[in-house]
Amino acid sequence: MQPEPSRAELDQIAGHYGLDSAGVEVLLEVADARPGPGARRQFLAHLLRIGGVLSLAAGVVFFVAANWSEIAVFGRFGLLELLLLACGVLALFRPPPAFAGRAAMFLAFITTGALLALFGQTYQTGADVHELFLGWALLGLPLAVLANWSVSSAAWLLVLNLALALFCGWHPTGGLLWAMLGWHRFEPATVIIGVALINAALWFLFEYLKLEAVPGWVRRIVISCAFAFGTWAGILGIVDRDASPLVTLVLLVMMGVVALYSHRTRKDIYSLAVVLGAFIIVSLAWMGDVMESWNAGMPLVMALWLIVSSTGAGLLLAGTARSWREEATT
Amino acid sequence: MSAPSAVERLVDTLRTRQVIAADAPAPDEAEHRPWFVAMMLGIAGWLAGILLLVFIETNFRVNTRTAIGMVGLALLVAAWAMYYADRKAVFLDQFALALSIAGQCALAWALLDDVDSGFRIASTLLVIQLVVLVLMPNRTARTLAALFGVIAWVYTVRFAVLSGRPDDIIFDNMMNTVRYGAGAISLAWMISWAPLLLLTTWLIRRESDWMARNLRVFARPLLAGALLGLAAGGIIAEPFLVPAFGGQVGLWISWQTIFPLLSIGLALYAAWCAFQLRSAGLTGFAIVAALFHLGRFYYLYGTSLTWKSVIMFCVGAAMLGAGMLLRRSQAPGGVA
């Protein structure tokens, strides 16, 4: 969607040549900087249809969350299961990639989560919230795959990462998952870097498979999640004296591998930006830790480091983006 | 010999179409900064500014309001000088941004230390942001000023129409629910957002006019900041921290349920504007903001979830229907 050249470059051209309004109109037209009526209508139709499906999905979730005490247990489950069935039937008659089929599979995915929540609410299963979300991600995976749609893929990834974030954040010392990991043998930082690695592995898988249902913007979500968890683990690895030094090492290796891969494929600068962003934050935490206790010069050193590191990252990324863009035109 | 860059190709086309002279020199190479790089630099500069202010406050014992104000002004002048002295040096840019943020915070602190009026606080911050927007010769600084200016504007209108104490900025969940009538709340909403809707629409329609003048150095950051504010402003316009601190959420049954939905509308309008500017970053931000407003709709505001679900079903059906009709009209043989 980003045109070439960018708006900033167009502003500069307009200023450099002192173009008048008519000249700028030509400039914008030649640069294809404005979508035409067809493209605008297509975008609007897209926005309305996806917004409509998301609103219907939200309606389902709100309906279940209403703690629907007036309806008997059979009725509650029956209604959601009927909705699930209707989505399945619709998808059979209008299978993806038709919009109706994709929307039906997406709604089925959302309804699966609502059904699990209703089950937990009705029978008070005692399951933790992260177990609900993880169950939703696992049971909903076939539906997300069948939908073959970027919106479904993004929703599935968000549900999975929400489950993992709740698992890491709550740090439960009970439950099936934690027992499987042997919680007494794993520090939180180790588990969190493991979650970061899961996301990084998914990112590499999607990069390799080049699925239509996982376009660039969805892959950006995956790599952002990977380094959000990686940064969290990296900070814990620095400030938590009990954390294994391997955590920081694994994070550094992960950064290096992603940066190398991005540099080799020369497709999307975003992954490099995420790596550098994680590096800036973790290094800032390291700096604070090295100084150990609060001292008067600490904020200045940290401010200067932020300025230096972000400037370096900005220069590197802008230069790399420019050179990749020029290479792409040759 | 390397292939011509996108800018060189564009300039060649302008020469061919005689928009510029055939022998017109090529422009200097402009820095191409993707939106996420600009965002990273902005956040880092902002955080560095806060750290600088902490350093100054803790090391130089700046205790009086006058001294803090002087420090703030000095930092702002230093930032302006750095931006002005060398507009190509990225390190100086980033350092100047940090100084500028620290200066703005110090100045606001000096001016508002003892003030007990929400309106005066918000309007003073709005004036500071407008001054930064006009004077600071840097696009990132101006965009941040425009965004913070929109936020200050929303609060200024809110406190002007509804009144309130500084604490109301974050915590008072009574503010928009029981204390004021429908007229005042609707008026505050209209005065907050209608000018911003008009401003963004006008700036997009007249883009070629202001690009042809020096106004572009103000208008471009103003447009970006206004769109960011339109998309996310509703989040700060309401007492969003209430649920986090266990306030009364979802108890009042009232028509005000509609406000987060209006915020979703604003965010989608911002996405539409961003699409017309072909800005993927702004479009994505606006869509994420719309999803966040949906979360607010779930957690804040007092009507029953059953009613909320009915509203969402109706809105969803209407959007889906409109989208389908629009799509059909585009199809070959459809209504043009």
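A quick note: this is a predicted structure, and the numbers were derived from the prediction, not measured. (Residues numbered from 1 in each chain as written. Chains lettered and ligands numbered in written order. Predicted model: local features only at pLDDT ≥ 70, side-chain atom pairs only at ≥ 80, totals over all residues. Heavy atoms only, no water.)

S.K.: Even after reading the chapter, I still don't get the overall build of chain B, so can you show me in this structure?
M.R.: What chain B contains, in helices and strands, is 12 helices and zero strands. Listing each helix as α and each strand as β along chain B from the N terminus yields α-α-α-α-α-α-α-α-α-α-α-α. When each of the 336 residues of chain B is scored for burial, the buried share is 50%. Counting only contacts in chain B whose residues sit at least 6 apart along the sequence, the fraction spanning at least 24 positions is 68%. With the model as given, the accessible surface of chain B reaches about 15900 Å², and the carbon-plus-sulfur share is 68%. (Helix = DSSP H or I, 4+ residues; strand = E, 2+ residues; numbered from the N terminus. Buried < 20%, exposed > 50% of the residue type's maximum accessible area, 1.4 Å probe, protein only. Contact = heavy atoms within 4.5 Å. Areas by Shrake-Rupley, 256 points an atom, 1.4 Å probe, with all protein chains shown as cover.)

S.K.: Before we go on, may I ask you to explain the interface of chain A and chain B in this structure?
M.R.: Interface size, as often reported, equals the accessible area lost upon joining of the parts. At the junction of the two partners, chain A supplies 89 residues and chain B supplies 87 residues. Carbon and sulfur atoms supply 73% of the area buried between chain A and chain B, which totals about 7700 Å² over both sides. Counting every contact that joins chain A to chain B gives five salt bridges. Applying the counting rule to chain A against chain B returns 11 residue pairs in polar contact (both at pLDDT 80 or more). Of all the elements in the fold, those that place two or more residues in the side of chain A that touches chain B are α1 (7-16), α2 (21-30), α3 (37-65), α12 (270-290) and α13 (298-329) of chain A. Among the elements that make up the side of chain A that touches chain B, the one with the highest residue count is α3 of chain A (23 residues). (Buried area = accessible area lost by both parts, 1.4 Å probe. Salt bridge = Lys/Arg side-chain N within 4 Å of Asp/Glu carboxyl O. Polar contact = N/O pair within 3.5 Å; in protein donor to acceptor, adjacent residues only side chain to side chain.)

S.K.: So what exactly am I meant to see when it comes to the nonpolar core here?
M.R.: Soluble globular proteins: nonpolar side chains tend toward being buried together. In this structure, Phe-106, Phe-109, Ile-223, Phe-227 and Leu-317 of chain A are the most contacted members of the largest nonpolar core, which totals 123 residues. Once you skip the residues sitting within four places of it in the chain, Phe-106 of chain A turns out to touch Val-53, Leu-54, Ala-57, Trp-149, Val-151, Ser-152 and Ala-155 of chain A. In this structure, Trp-189, Ala-219, Ala-231 and Ala-274 of chain B belong to the second largest nonpolar core, which totals 56 residues. (Core = buried A, V, L, I, M, F, W, Y, C linked by side-chain atoms within 4.5 Å.)

S.K.: Would you mind going over unusual backbone geometry with me for this structure?
M.R.: The amide bond that connects Pro-96 of chain A to the next residue, Pro-97 of chain A, takes the cis arrangement and shows omega of 15°. On the secondary structure map, Pro-97 of chain A appears in the loop between α4 (73-93) and α5 (99-123). For Asn-148 of chain A, which is not a glycine, the phi torsion comes out positive at approximately 50°. Asn-148 of chain A sits in the partly exposed class, given a relative accessible area of 26%. The residue Gln-18 of chain B is not glycine, and still its phi comes out positive at about 60°. Mapped onto the fold, Gln-18 of chain B is located in the loop between α1 (6-16) and α2 (35-59). For Gln-18 of chain B, a relative accessible area of 71% puts it in the exposed group.

S.K.: It is not clear to me how the packing of aromatic side chains should be interpreted in this structure. Could you clarify?
M.R.: Given two aromatic rings, one states the distance between the centres and the angle between the planes to describe the pair. Evaluation of the coordinates by the stated rule reveals 19 aromatic pairs over all chains. A centroid spacing of 4.0 Å and a plane angle of 0° characterise the contact between Phe-43 of chain A and Phe-275 of chain B, whose relative ring orientation is stacked. On the criterion of chain membership, the pair formed by Phe-43 of chain A in helix α3 and Phe-275 of chain B in helix α10 (residues 258-276) is interchain, its members lying in two chains. Note on Phe-43 of chain A: relative accessible area 14%, which makes it buried. Here Phe-99 of chain A and Trp-149 of chain A contribute two aromatic rings whose centre-to-centre distance is 5.7 Å and whose plane-to-plane angle is 85°, an arrangement assigned as edge-to-face. Residue Phe-99 of chain A is found in helix α5, and its partner Trp-149 of chain A is found in the loop between α6 (129-147) and α7 (150-170); the two are separated by 50 residues along the sequence. Note that Arg-49 of chain A overlies the ring of Phe-99 of chain A, its terminal NZ or CZ placed 4.1 Å from the centroid. Between the NZ or CZ atom of Arg-158 of chain B and the centre of the ring of Phe-159 of chain B, over which it lies, the distance is 5.6 Å. (Phe/Tyr/Trp six-rings, centres within 6.5 Å; stacked < 30°, edge-to-face > 60°. Lys NZ or Arg CZ within 6 Å of the ring centre and 35° of its normal.)

S.K.: I keep staring at the side chain of Gln-276 of chain B and nothing clicks. Help me out?
M.R.: Inspection of the secondary structure assignment puts Gln-276 of chain B in helix α10. Classification of Gln-276 of chain B by relative accessible area gives buried; the value is 14%. Apart from residues lying up to four places away in sequence, Gln-276 of chain B is in contact with Arg-7, Ala-33, Arg-34, Pro-35 and Arg-40 of chain A together with Ile-204 of chain B.

S.K.: Would you mind showing me how to read the packing of α3 of chain A against α5 of chain A here?
M.R.: For any two helices packed against each other, one specifies the inter-axial angle together with the distance between the axes. Residues and elements named next belong to chain A. In contact at an axis separation of 9 Å, α3 and α5 are set at 15° when each is read in the N-to-C sense. When the interaxial angle is binned, α3 and α5 end up roughly parallel. Crossing of α3 against α5: the hand is right-handed. The segment α3 lies against α5, with Arg-49, Ile-50, Val-53, Leu-54, Leu-56, Ala-57, Val-60, Val-61 and Val-64 engaging Phe-99, Ala-103, Phe-106, Leu-107, Ile-110, Thr-111, Ala-114, Leu-118 and Gln-121. For the contact of α3 with α5, the class distribution of residues is 15 nonpolar, two polar and one charged. (Axes fitted to C-alpha atoms, helices over the stretch in contact; angles between N-to-C directions. Parallel < 35°, antiparallel > 145°, perpendicular 65-115°, else oblique. Left-handed = near helix turned anticlockwise from the far one by under 90°. Nonpolar A, V, L, I, M, F, W, Y, C, P; charged D, E, K, R; others polar.)

S.K.: Is there a simple way to think about a nonpolar patch on the surface in this case?
M.R.: All names here are of chain B. A contiguous nonpolar patch, built from Trp-80, Tyr-84, Val-127, Val-131, Val-134 and Leu-135 and spanning about 570 Å² of accessible area, is present on the exposed surface. Going through the elements one at a time, α3 (65-85) and α5 (118-135) are the ones with two or more residues in the nonpolar patch. The biggest single contributor to the nonpolar patch is α5, with four residues. The exposure class assigned to Trp-80 is partly exposed, which follows from its relative accessible area of 36%. (Patch = residues over 30% accessible without salt bridge, like charges linked within 9 Å, V, L, I, M, F, W, Y side chains within 5 Å.)

S.K.: Quick question: what am I supposed to make of the environment of Ala-267 of chain B here?
M.R.: Residues and elements named next belong to chain B. The residue Ala-267 is located in helix α10 in this model. Once the C-alpha coordinates of Ala-267 and Ile-287 are considered, the two residues, 20 residues apart in sequence, prove to be 6.7 Å apart. Excluding residues within four positions of it along the chain, Ala-267 makes contact with Leu-230, Ala-231, Ala-286, Ala-289, Ala-290 and His-293.

S.K.: Can you help me understand α3 of chain B in this one?
M.R.: Side chains that are three or four residues apart share a direction in an α-helix, a result of its 3.6 residues per turn. Residue and element names in this part refer to chain B. For α3, with 21 residues, the first-to-last C-alpha span of 30 Å sits near the 30 Å given by 1.5 Å per residue. Among the residues of α3, Ile-68, Gly-69, Gly-72, Leu-75, Leu-76, Ala-79, Met-82 and Tyr-83 are the ones counted as buried. Viewed along the axis of α3, the buried residues span an arc of 155°, placing them on a single side of the element. Residues of α3 that are exposed and angled more than 90 degrees away from the buried face: Thr-66, Met-70, Val-77 and Ala-85. (Expected span 1.5 Å × (residues − 1). Arc of directions from axis to C-beta.)

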